[in-house]
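Listed below are the residues making up each chain.
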Amino acid sequence: MPGPAMPTPRTPRAGSAALAPARVLDALVLLCVAGALYWLGHSAATRLNYNWNWAAIPQFLAYTDSATGELRAGRLLLGLFATIRLSLWAGALALLLGTLAGLMRVSPRPFWRLCGGAYVLSVRNTPPLVLIFLFSYFLSGQLIAALGLGNVATQLPPGLIGPAQALFGPVGQLPGFLTAIVTLGLIEGAYVAEIVRAGVESIETGQWDAAKALGLPRWRTLLHVVLPQAFRRMVPPLTGQFVSTVKDSAIVSVISIPELTFQAQELVSATYLSFEVWTLVFLLYLALGLPCSMAARALETRLARSDKDSPHADGPAPGGAQRTAPGEGSARALTGGLFSRMFRKTQKASALAPGPKP
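What counts as what
Residues numbered from 1 in each chain as written. Predicted model: local features only at pLDDT ≥ 70, side-chain atom pairs only at ≥ 80, totals over all residues. Heavy atoms only, no water. Salt bridge = Lys/Arg side-chain N within 4 Å of Asp/Glu carboxyl O. Helix = DSSP H or I, 4+ residues; strand = E, 2+ residues; numbered from the N terminus. Buried < 20%, exposed > 50% of the residue type's maximum accessible area, 1.4 Å probe, protein only. Core = buried A, V, L, I, M, F, W, Y, C linked by side-chain atoms within 4.5 Å. Contact = heavy atoms within 4.5 Å. Axes fitted to C-alpha atoms, helices over the stretch in contact; angles between N-to-C directions. Left-handed = near helix turned anticlockwise from the far one by under 90°. Nonpolar A, V, L, I, M, F, W, Y, C, P; charged D, E, K, R; others polar. Phe/Tyr/Trp six-rings, centres within 6.5 Å; stacked < 30°, edge-to-face > 60°. Polar contact = N/O pair within 3.5 Å; in protein donor to acceptor, adjacent residues only side chain to side chain. Expected span 1.5 Å × (residues − 1). Arc of directions from axis to C-beta. Bend = angle between axes of the 7 residues up to and from the residue. pLDDT = per-residue confidence, 0-100.

(A) Inspection of the pattern of salt bridges at higher detail. Enumeration according to the criterion identifies seven salt bridges in this entry. Across the salt bridge formed by arginine 124 and glutamate 194, the nearest N and O atoms sit 3.8 Å from each other. Residue arginine 124 is located in helix H4 (residues 110–124), and its partner glutamate 194 is located in helix H8 (residues 174–201); the two are separated by 70 residues in the primary sequence. Classification of arginine 124 by relative accessible area gives partly exposed; the value is 38%. Taking the shortest distance from any N to any O, the salt bridge between arginine 197 and glutamate 201 comes out at 2.8 Å. Note that arginine 197 and glutamate 201 are positioned in helix H8 at a spacing of four residues, about one turn of the helix. A cluster of three or more residues bridged by salt bridges with shared partners is formed by Arg105, Arg124, Glu194, Arg197 and Glu201.

(B) Layout of the nonpolar core. Within the largest apolar cluster, 19 residues are counted, with the highest numbers of intra-cluster contacts made by Phe60, Leu76, Leu260, Val277 and Val281. Of all the secondary structure elements, the ones that give two or more residues to this core are helix H3 (75–105), helix H11 (260–271) and helix H12 (274–309). Ranked by the residues each element gives to this core, the list is headed by H12, at six residues. Every residue in contact with leucine 260, bar those within four places of it in the chain, is listed here: Leu76, Gly79, Leu80, Thr83, Val281, Leu284 and Tyr285. If you look at the next biggest cluster of nonpolar residues, it comprises 14 residues, including Val192, Ile195, Val200 and Ile203.

(C) Main features of unusual backbone geometry. The phi dihedral of serine 256 falls on the positive side, at around 65°, and the residue is not glycine. A relative accessible area of 48% means that serine 256 is categorised as partly exposed. The backbone of tyrosine 272 shows a phi angle near 60°, a positive value even though the residue is not glycine. For tyrosine 272, a relative accessible area of 65% puts it in the exposed group.

(D) Expanded view of the packing of H8 against helix H10 (residues 218–248). Running from amino to carboxyl end, H8 crosses H10 at an angle of 145°, the nearest separation of the two axes being 8 Å. When the axes of H8 and H10 are compared, the crossing they make is right-handed. Seen from H8, the contacting residues are Leu184, Glu188, Tyr191, Val192, Ile195, Val196, Gly199 and Val200; seen from H10, they are Leu222, Val226, Leu227, Ala230, Met234, Pro237, Leu238, Gln241, Ser244, Thr245 and Asp248. Its residues placed into classes, the contact of H8 with H10 shows 13 nonpolar, four polar and two charged.

(E) Looking closely at the packing of aromatic side chains. Within the structure shown, the criterion is met by two aromatic pairs. Between the aromatic rings of phenylalanine 111 and tryptophan 112, the centroid separation amounts to 5.2 Å while the plane-to-plane angle is 65°, which identifies the pairing as edge-to-face. Overall, phenylalanine 111 belongs to the exposed group, its relative accessible area being 52%. Summarising the aromatic geometry, the rings of phenylalanine 133 and tyrosine 137 are spaced 6.4 Å apart at their centres and angled 20° between planes, so their arrangement reads as stacked. Here phenylalanine 133 and its partner tyrosine 137 are both found in helix H5 (residues 128–147), four residues apart, which amounts to about one turn of the helix. A relative accessible area of 59% means that tyrosine 137 is categorised as exposed.

(F) Layout of the side chain of aspartate 65. Structurally, the position occupied by aspartate 65 is in the loop between strand E1 (62–64) and strand E2 (71–73). The exposure class assigned to aspartate 65 is buried, which follows from its relative accessible area of 18%. Polar side-chain contacts of aspartate 65 include one of 3.3 Å to the side chain of threonine 68. Ignoring sequence-local partners within four residues, the contact set of aspartate 65 consists of Glu70 and Arg72.

(G) Seen up close, H4. Taking 1.5 Å per residue as the helical rise, H4 with its 15 residues ought to reach 21 Å, and the 21 Å between its terminal C-alpha atoms agrees with that figure. Gly116, Gly117, Tyr119, Val120 and Val123 are the residues of H4 that are buried. Buried residues of H4, seen end-on, are gathered within an arc of 160° and therefore sit on one face of the element. More than 90 degrees from the buried face of H4, the exposed residues found are Pro110, Phe111, Leu114 and Leu121.

(H) Broad picture of H8. The end-to-end C-alpha separation of H8 is 39 Å, in line with the 40 Å expected for 28 residues at 1.5 Å each. Of all the bends in H8, the greatest measures close to 30° and is centred on glycine 189.

(I) View of the environment of glycine 169. Here glycine 169 lies in the loop between helix H7 (158–168) and H8. Take glycine 169: its relative accessible area is 4%, and that puts it in the buried class. Considered as a pair, glycine 169 and proline 258 are 89 residues apart in the sequence and their alpha carbons are 9.5 Å apart. If we skip the residues at most four places from it in the chain, glycine 169 touches Arg85 and Ala164.

(J) Quick peek at the confidence of the model for the chain. With 77% of its residues at a pLDDT of 70 or more, the chain shows a mean pLDDT of 78. Between the elements of the chain, mean pLDDT differs from a low of 42, seen in helix H13 (residues 328–335), to a high of 93, seen in H4. Note on residues 312–343: pLDDT is under 50 here. Beyond four places in sequence and across chains, it has 55 contacts. In this model, residues 354–358 is a region of pLDDT below 50 whose contacts with residues beyond four sequence positions or in other chains number five contacts.

The structure is reproduced here in structure tokens:
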């Protein structure tokens, strides 16, 4: 009678044996980094002639008013709100200006290409600090004062003061805030323009030819065919540029805009708590940038999954039916919905072109 079958020994995979030295090396590197950080922290705590006072930090975020007993936002929290407002407005302006300049750079007309290129080259090759001072003296000191926007802000009806402060901060600081928005939007828009230009130029020329064969004008081809496909490729760099906008907003502190960095400088000058204040500012900027990066990663994963799960645009229609009618019906199917196909598989123009499929 045969005995029980012996279990077959597992053969170690070649990949596991190859990864073992790499894992040991990674562990050693992490151990060295942890040791260096511990040594740095221990040296800072024992050798620096500095009186640490972390107990004073929470009041810079929120404090209780001794007169009314209400909980009020501290200076760093007010600066954080100002940074968020400034980044959102400047990011929207940069997206608008950058999209226009990027489309001008791919225009078939030399004049528009020259204008877009002059804007991008002049901004990208000039230090941002110089632009900040230049626009501060021109916009805040001359143009806004000539237009009387400062007086308009102070003469708002009582019902509009609250929404205006929520959108732009204190109405008395509106001229400087508008100057910071325009300046930061112009600086970041030059970089957005290059992202848009590269995204449009990355679309295959066959898309332009197929749309032209359908009788579409160039602006409809650009708006309904090229941009939805290019936007999917521009999402990661555009999100990274928005994170850069949040970080670059600190430069407007030099013109006394009360954003996070300016408030931190004021607190350090008043309390001399340099390490505590700047450590908290570092964490606040990190709390702003990390969600943006994680949202961009999630959106990129979603776009990749939609490309993988959706049927091929050039494949036959179910049941062998014709996908689109040739001629004008194909043009309507191609241009319907503007940007509705940005976040799902974009149907290519060649799939809608009349004639037999190869």
